[in-house]
Amino acid sequence: MRVAGRVPNADWHAFSVEDQLIVTILLPAAFSGQEVPIGLQGMAIVSRVDPQKRGVALRFERDLKFFERVNAVRSLEGKLPEDW
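Let me sum up the structure you'll find in this document.

### Looking at unusual backbone geometry
Then step 1. The backbone of Glu18 shows a phi angle near 80°, a positive value even though the residue is not glycine.
Then step 2. Residue placement: Glu18 occurs in the loop between strand 1 (3-8) and strand 2 (20-27).
Then step 3. Residue classification places Glu18 among the partly exposed positions, given a relative accessible area of 47%.

Following this line, the structure appears as structure tokens:
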């Protein structure tokens with residue numbers, strides 16, 4: 001299964017279709033079953049730049065279950081909403 005998503009971004013105009021980038025997806029503790037939020041990091045490809053919605057559409061060539069888990073999420077403490 002390949003996953004896709006739309007990401008709003010103030011710098012949407014800096015991206016082009018087929019740009020490759022590394023993204024980190026943050027999962028809330030309640031969603032992941034962990035005590036703290038976790039991050040999953042992997043490669044994404046820009047599939048569309050959307051000026052109306054001021055964002056980009058991304059596609060992932062690998063399933064999220066193959067993304068690398070990153071523990072640097074603790075550095076975001078105080079920057080995430082309370083329910084994360």
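Having put the structure on the table, let's press on.
### A look at the packing of aromatic side chains
Then step 1. Taken as a whole and judged by the stated rule, the model has 1 aromatic pair.
Then step 2. Centroid distance Phe60 to Phe67: 5.5 Å. Interplanar angle 80°. Geometry classified as edge-to-face.

### What to know about the environment of Ile38
Then step 1. Looking at the element boundaries, Ile38 is found in strand 3 (residues 38-50).
Then step 2. For Ile38, a relative accessible area of 10% translates into the label buried.

### Digging into the environment of Ile45
Then step 1. Following the sequence through the fold, Ile45 ends up in strand 3.
Then step 2. Among the residues examined, Ile45 registers a relative accessible area of 9% and is labelled buried.
Then step 3. The spatial distance from the C-alpha of Ile45 to the C-alpha of Glu18 is 5.6 Å, given a sequence separation of 27 residues.
Then step 4. Ignoring sequence-local partners within four residues, the contact set of Ile45 consists of Glu18, Asp19, Gln20, Ala57, Leu58, Arg59 and Glu61.

So, how was this worked out
Residues numbered from 1 in each chain as written. Predicted model: local features only at pLDDT ≥ 70, side-chain atom pairs only at ≥ 80, totals over all residues. Heavy atoms only, no water. Helix = DSSP H or I, 4+ residues; strand = E, 2+ residues; numbered from the N terminus. Buried < 20%, exposed > 50% of the residue type's maximum accessible area, 1.4 Å probe, protein only. Phe/Tyr/Trp six-rings, centres within 6.5 Å; stacked < 30°, edge-to-face > 60°. Contact = heavy atoms within 4.5 Å.

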